[in-house]
Amino acid sequence: MAKVYEKHNGVGVYSSNVPYLRTTGSFYEVGYDIGKTFSDRIKGYWNESEVVKQKLIPYAATDNGREYIESSLGICKSAFPQYIQQLQGISDGSGLPFEDCFLLCLRAEIKSVLYPKELDTSLGCTDVYINNPKCKLIAHNEDLYHMVDKFGYIISVTIIENNQEKENFTSYCYPCSLGGTTSSFNRHGMVFTCNALYPDYLVENAPPREFLSRSIITAKNIEEAIGLAKNTGFGMGFAFNVNIADVKNPSTMWTVEIGPQAGESKVEVQTLDEEPDESKPCHYFHVNCMELLTDVSEIPNNSSLSRRKRAHEMNPPRTKKDALTILGDTTNQEYPIFRVADKTTVESSTTFTSVCDILENRVEFYHGNPIRQDFKPSFSFQIMEENN
């Protein structure tokens, strides 16, 4: 049964402009609850989004588009039948046709690779890792078209199959998303933030990013996450970066880049261990360009290069305040780290800033620039419940 929380209820504090749903059931049932609850947001995004109007719908009307969509759907039915059930539930609950819901799951591939000359490289996300004995966190700016802020929502999902709990996670979602493409965590104490990567080619006989990112957020540990990323037998058609921490194993964090390859995804992992020496750096940055997948060619991304350069120019972060100072920086007017939708930023904006605080067992979400004095999170969640 679905329930929308409008105020503090013992689980978290939720912003009035970002609706939150907690739902339990089968894959189809939770999908139906999500679709029914957020029907206006899902259909509103479909009807108002320029990406949908100018890229997705025209591409789907071409012979190549129909062939790619049908092929991708067949692969997803084989590789991730449970998530197809969830998407069917979202479709039935929202009233948006399944074909349109599935098309939204291909938006990363279509707008990036199939329209490379029109790619808005001002879009993208920024992550700051800190790992020292007193501060362990992954802080993340979620940057996309400002319309996502208007129509996004948060879900907490418990999947029950044959009277057994199969999955339990919380995720900020784009409209019609399966979950896992932004900031997420699960009841096993695993936290995840994602950054888009932009290879200049697409493997069409492998699943799209949306389904792999949904799969990875179910992992109980880093070994399982890496196995899910490889997706042996199917691989992945596109690319993304997932940043991972584990409340149960707080001494280590990981950044994982996953690239396009049929049969088994290209996967590269960098381990970020605790740095106890206060005289040495204890941080790491990741943006929307590849650091580890050196054999994957990518679309040039001036925004990512500029944001990364600016982050390295600032004082090395050691605390949460330091991380938020970097993520709130607007020094580079053309490619600021924190963005507000206007002509300068090509209508992209920072939808939210999340802080996954491992020592505090908490994920915080901020709306607005987090460096403002006395700025508090809009809402927060406990990562692992005490009885786990």
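Everything below is about the structure printed above this text.
Residues numbered from 1 in each chain as written. Predicted model: local features only at pLDDT ≥ 70, side-chain atom pairs only at ≥ 80, totals over all residues. Heavy atoms only, no water.

Draft legend 1. A look at empty space enclosed by the protein. A full pass over the atoms with the stated rule returns two cavities of 30 Å³ or more. Considered as a void within the structure, the largest cavity measures approximately 310 Å³ in volume. As for the largest cavity, its lining consists of 26 residues, of which Ala108, Lys111, Leu144, Tyr174 and Arg209 are closest to the centre. Sorting the residues of the lining of the largest cavity by element identifies α7 (107-113), β5 (135-145), β9 (190-196) and α9 (209-216) as the ones contributing at least two each. Element by element, the count of residues in the lining of the largest cavity is highest for α7, at five residues. In terms of residue class, the lining of the largest cavity is made up of 15 nonpolar, four polar and seven charged. (1 Å grid on protein atoms, 1.4 Å probe; cavity = no way out; pocket = protein on both sides within 12 Å on 5 of 7 lines; lining within 4 Å. Points joined across faces, edges and corners; volume = space filled by probe spheres on them. Helix = DSSP H or I, 4+ residues; strand = E, 2+ residues; numbered from the N terminus. Nonpolar A, V, L, I, M, F, W, Y, C, P; charged D, E, K, R; others polar.)

Draft legend 2. Looking closely at the nonpolar core. In this structure, Leu87, Phe102, Ile155, Phe211, Ile244 and Ile258 are the most contacted members of the largest nonpolar core, which totals 66 residues. In contact with Ile258, not counting residues within four places along its chain, are Leu212, Ile216, Ala229, Met236, Phe238, Ala239, Phe240, Val242, Ser265, Lys266, Val267 and Leu293. Counting residues in each nonpolar core, the second largest holds 22 residues, with Ile138, Val191, Cys356 and Phe379 among its members. (Core = buried A, V, L, I, M, F, W, Y, C linked by side-chain atoms within 4.5 Å. Buried < 20%, exposed > 50% of the residue type's maximum accessible area, 1.4 Å probe, protein only. Contact = heavy atoms within 4.5 Å.)

Draft legend 3. Local environment of the packing of aromatic side chains. Tallied over the entire structure, the rule returns 18 aromatic pairs. Judged by centre distance (6.5 Å) and plane angle (25°), the ring pair of Tyr172 and Phe365 falls under stacked. Of the two residues, Tyr172 is situated in strand β7 (residues 164-173) and Phe365 in strand β17 (residues 362-366); the sequence distance between them amounts to 193 residues. Look at Tyr172 and you get buried, because its relative accessible area is 1%. On the basis of relative accessible area, Phe365 is assigned to the buried category, the value being 2%. (Phe/Tyr/Trp six-rings, centres within 6.5 Å; stacked < 30°, edge-to-face > 60°.)

Draft legend 4. The environment of Tyr174, seen in detail. Along the chain, the position of Tyr174 falls in the loop between β7 and β8 (183-186). For Tyr174, a relative accessible area of 11% translates into the label buried. Sequence spacing of Tyr174 and Glu109 is 65 residues, and the spatial spacing of their C-alpha atoms is 15 Å. Not counting residues within four places of it along the chain, the set of residues in contact with Tyr174 comprises Arg107, Glu142, Leu144, Val148, Tyr153, Thr181 and Thr182.

Draft legend 5. Inspection of the pattern of salt bridges at higher detail. Taken as a whole and judged by the stated rule, the model has 15 salt bridges. A salt bridge links Lys248 to Asp246, with the shortest nitrogen-to-oxygen separation between them at 2.9 Å. In this structure, Lys266 engages Asp295 in a salt bridge whose closest nitrogen and oxygen atoms are separated by 3.1 Å. Remark: Asp295 occurs in the loop between β15 (283-286) and α11 (302-313) and Lys266 occurs in strand β14 (residues 266-273); sequence separation between them is 29 residues. Since its relative accessible area comes to 19%, Lys266 is described here as buried. Here Asp295 falls in the exposed class, since its relative accessible area comes to 53%. Ionic contacts of the salt-bridge type, sharing partners, join the residues Lys309, Arg310, Glu313 and Asp329 into one network. (Salt bridge = Lys/Arg side-chain N within 4 Å of Asp/Glu carboxyl O.)

Draft legend 6. Seen up close, unusual backbone geometry. Not every positive phi belongs to a glycine, and Asn162 is a case in point at roughly 55°. Mapped onto the secondary structure, Asn162 falls in the loop between β6 (153-161) and β7. By relative accessible area, Asn162 is classed as exposed at 73%.

Draft legend 7. Structural view of the side chain of Asp143. Checked against the element boundaries, Asp143 lands in strand β5. We classify Asp143 as buried; its relative accessible area is 1%. At a separation of 2.6 Å, a polar atom in the side chain of Asp143 contacts the side chain of Thr350. With residues near it in sequence (within four places) discarded, Asp143 still touches Gly124, Cys125, Thr126, Ile337, Arg339, Ser349, Thr350 and Thr351. (Polar contact = N/O pair within 3.5 Å; in protein donor to acceptor, adjacent residues only side chain to side chain.)

Draft legend 8. Local environment of the pairing of β7. One ladder, built from nine bridges, connects β6 with β7; its direction is antiparallel. Each residue of the ladder has a partner; that of Glu161, found in β7, is Gln164. Where β6 hands over to β7, the hairpin turn is made up of two residues, of which Asn162 adopts a positive phi near 55°. Two strands pair when backbone bridges link them, and β7 and β8 are joined in this way by three bridges, in the antiparallel orientation. Across the sheet, residue Phe169 finds its bridge partner in β8, namely Asn186. (Pairing = 2+ DSSP bridges.)

Draft legend 9. Seen up close, helix α4 (residues 63-79). For α4, spanning 17 residues, the distance from its first C-alpha to its last is 24 Å, which sits close to the expected 24 Å at 1.5 Å a residue. All of the buried residues in α4 are Gly65, Tyr68, Ile69, Ser72, Leu73, Ile75, Cys76 and Ala79. Buried residues of α4, viewed axially, fall in a sector of 165°; they line one side. Of the exposed residues in α4, those oriented more than 90 degrees away from the buried face are Asp63, Glu67 and Glu70. (Expected span 1.5 Å × (residues − 1). Arc of directions from axis to C-beta.)

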